Amino acid sequence: MDGPETSSRTWDGRLWRQLSRWARTHPTALSYGTSSAAAVALYAVSAPLELALYGVPVLAGLLVLALQCAALVVAPRFPIVAVGVFTAATVLLSLRTQPSSAPWPWTMTGIVCFALLVGSIWAVSGWRLGVVAYVVPVVALFVPMATSPEAVTAAHMIVALGVGVAAALVGALVRVSHQLRQEREHAATEVERRMVIEERQRIARELHDVVAHGLSLIQVQANFARYRLPHMPDDVAAEVEDIARTARAALGEMREMLGALRGDEPVERAPQRTLDDLPALVEETARAGVTVRLRLDAPPMPTAVGIAAYRIAQEAISNAVRHAPGAPVEVSADAHDGALLVTIENGWSSGTGSEPSVCTSGHGLIGMRERASILHGTLAAGQTASGGFRVSATLPLEPPLGRERGSAAE
């Protein structure tokens, strides 16, 4: 039975993956939402603090502080506008306040807003606009400092500059991290595309072997029909010869197409394994120390379906052994409503002391989905309630009627 800790970890992991996926697919909404929340929180703190500590007029202070915080909201999209609005608002506030023991000409909330502005612009827009966001407000605030030079203001200015540098470093790290993540996603996309192409080539070879066998039989039977039936009418003999010629031409075209897909890869001559070879695969896995249970109740089926079912089961069993060592594996294959249902499920891996690693975007799943989709089937994969993993493939035993009609029309 699953304990509350296991269910909690599963739920937390699922929620975190959903939030991460939403953040990746909605970067603009995430940026505006984060900056707006920071601006509202900062305004709620700065308004009473500025008015009470620095004696800023109420109406003017509220309006200028609103502009200063609003710069954070527009910074991701309009960095230059944000820098101009923040600088003007900060200078106006410094001119309406007097030097004191509190930070001046930078107010305490102004320093925080300055750091957020520099960090966000540096992270979103790069180092050039980040330098602008750092330098322009600093240079502009030298005006009130020049009119009231005091040692305490210089010390406060140094603190503000240091906070700005720290924010710039954080923004640079965030930007580099984002760029690295984009590069990894791009590399993963390229690897996935290459794996799909390679898997389609293997599938094309397997299907060619199946269809080529049937064409070869048609060609041989048509060629020897005249010798087996010597009294065949001439018109029938001519038609049989046309059948043999068509089969021979189609076989040659298929081999040329396969050669173009395969390139210089050597041709594999071994027969393809089908669902009939699944018990041998299960026995081989069991000899390796894995507890495997097989339930096989499949009717006669097309060879292409049997090959796809075997390869899907083989890959799923391999993944279970690799990612959940010691966990029992159940394999079943039976027919339902004109389709072959192949299910491979592994339990929770108690030998590792943790849940089995799950990678729903791995290369194996890509190949399994390709095999199912090319036969107009479906494949579902995901974690079970008990912490294991299940792969379920539905492969039609006959092609859809719409597909047959389309092929006949062609």
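A brief look at the structure comes next. Predicted model only: the values in this text are computed from it and were never measured.

**A short note on the overall build of the protein**
Looking only at helices and strands, the protein has 13 helices and five strands in total. Sequence-distant contacts in the protein: of pairs separated by 6 or more residues, those separated by 24 or more amount to 69%. Here the protein displays about 23,500 Å² of accessible surface, and carbon together with sulfur accounts for 62% of that area.

**Structural notes on helix H10 (residues 278-287)**
Restricting attention to buried positions, one finds in H10 the residues Leu278, Leu281, Val282 and Thr285. On an axial view of H10, the arc spanned by its buried residues comes to 100 degrees, and they lie on one face. Considering only its buried residues, H10 is in contact with strand S1 (292-297), helix H11 (303-323) and strand S2 (329-336). With its phi angle positive at about 100 degrees, Gly289 sits one or two positions after the end of H10.

**Some words on the pairing of strand S3 (residues 339-346)**
The element S3 is extensively covered by neighbouring structure, given that six of its eight residues are classed as buried. Bridge count for S2 against S3 is eight bridges, and the pairing is antiparallel. What sits directly across from Asp334, in S3, is Leu341. Hairpin connection between S2 and S3: a loop of two residues separates the two successive antiparallel strands, and Asp337 in this loop has a positive phi of roughly 55 degrees.

**Observations regarding unusual backbone geometry**
Here the phi dihedral of Asp337 falls at roughly 55 degrees; this positive angle occurs in a residue that is not glycine. Mapped onto the secondary structure, Asp337 falls in the loop between S2 and S3. Non-glycine residue His376 carries a positive phi angle of around 65 degrees. As for its placement among the helices and strands, His376 is situated in the loop between helix H12 (363-374) and strand S4 (378-383).

**What to know about the pairing of S4**
Bridge analysis of S4 against strand S5 (residues 389-396) gives six bridges, and the strand direction is antiparallel. Each bridged residue has a counterpart across the sheet, and for Ala381 the counterpart in S5 is Val391.

**A short note on the sheet that holds S2**
Taken together, the five strands give an open sheet; going across it, the order is S1-S2-S3-S5-S4, and neighbouring strands pair in mixed fashion. The open sheet has two edge strands with one neighbour each: S1 and S4. In this sheet, adjacent strand axes meet at a mean angle of 10 degrees when their direction is disregarded. Running over the sheet, H10 touches S1 and S2 and is turned about 175 degrees from S1. Along the sheet, H11 makes contact with S2, S3, S4 and S5, crossing S3 at roughly 10 degrees.

**With respect to the nonpolar core**
Grouped together as the largest cluster of nonpolar side chains are 32 residues, with contacts concentrated most on Leu278, Leu340 and Ile344. Among the secondary structure elements, those contributing two or more residues to this core are H10, H11, S2, S3, H12 and S5. Per-element accounting of this core gives the leading share, 10 residues, to H11. In terms of nonpolar packing, the next biggest core, distinct from the first, is built from 25 residues, Cys69, Ala71, Leu72 and Trp122 among them.

**Digging into a nonpolar patch on the surface**
Together, Trp127, Val131, Val135 and Val139 make up an exposed nonpolar region whose accessible area comes to about 350 Å². Following the sequence through the fold, Trp127 ends up in helix H6 (residues 127-140).

**Overview of the packing of aromatic side chains**
Tallied over the entire structure, the rule returns two aromatic pairs. Measuring from ring centre to ring centre gives 6.2 Å for Phe86 and Phe114, while their planes differ by 20 degrees; the resulting arrangement is stacked. Of the two residues, Phe86 sits in helix H4 (residues 79-96) while Phe114 sits in helix H5 (residues 108-125), which places them 28 residues apart along the sequence. For Phe86, a relative accessible area of 0% gives the class buried. When its relative accessible area of 0% is taken as the criterion, Phe114 is described as buried. Taken together, the ring pairs in this structure connect Phe86, Phe114 and Tyr134 into an aromatic cluster.

Conventions and cut-offs
Residues numbered from 1 in each chain as written. Predicted model: local features only at pLDDT ≥ 70, side-chain atom pairs only at ≥ 80, totals over all residues. Heavy atoms only, no water. Helix = DSSP H or I, 4+ residues; strand = E, 2+ residues; numbered from the N terminus. Contact = heavy atoms within 4.5 Å. Areas by Shrake-Rupley, 256 points an atom, 1.4 Å probe, with all protein chains shown as cover. Buried < 20%, exposed > 50% of the residue type's maximum accessible area, 1.4 Å probe, protein only. Arc of directions from axis to C-beta. Pairing = 2+ DSSP bridges. Axes fitted to C-alpha atoms, helices over the stretch in contact; angles between N-to-C directions. Core = buried A, V, L, I, M, F, W, Y, C linked by side-chain atoms within 4.5 Å. Patch = residues over 30% accessible without salt bridge, like charges linked within 9 Å, V, L, I, M, F, W, Y side chains within 5 Å. Salt bridge = Lys/Arg side-chain N within 4 Å of Asp/Glu carboxyl O. Phe/Tyr/Trp six-rings, centres within 6.5 Å; stacked < 30°, edge-to-face > 60°.

Distances and angles like these do not, on their own, reveal function.
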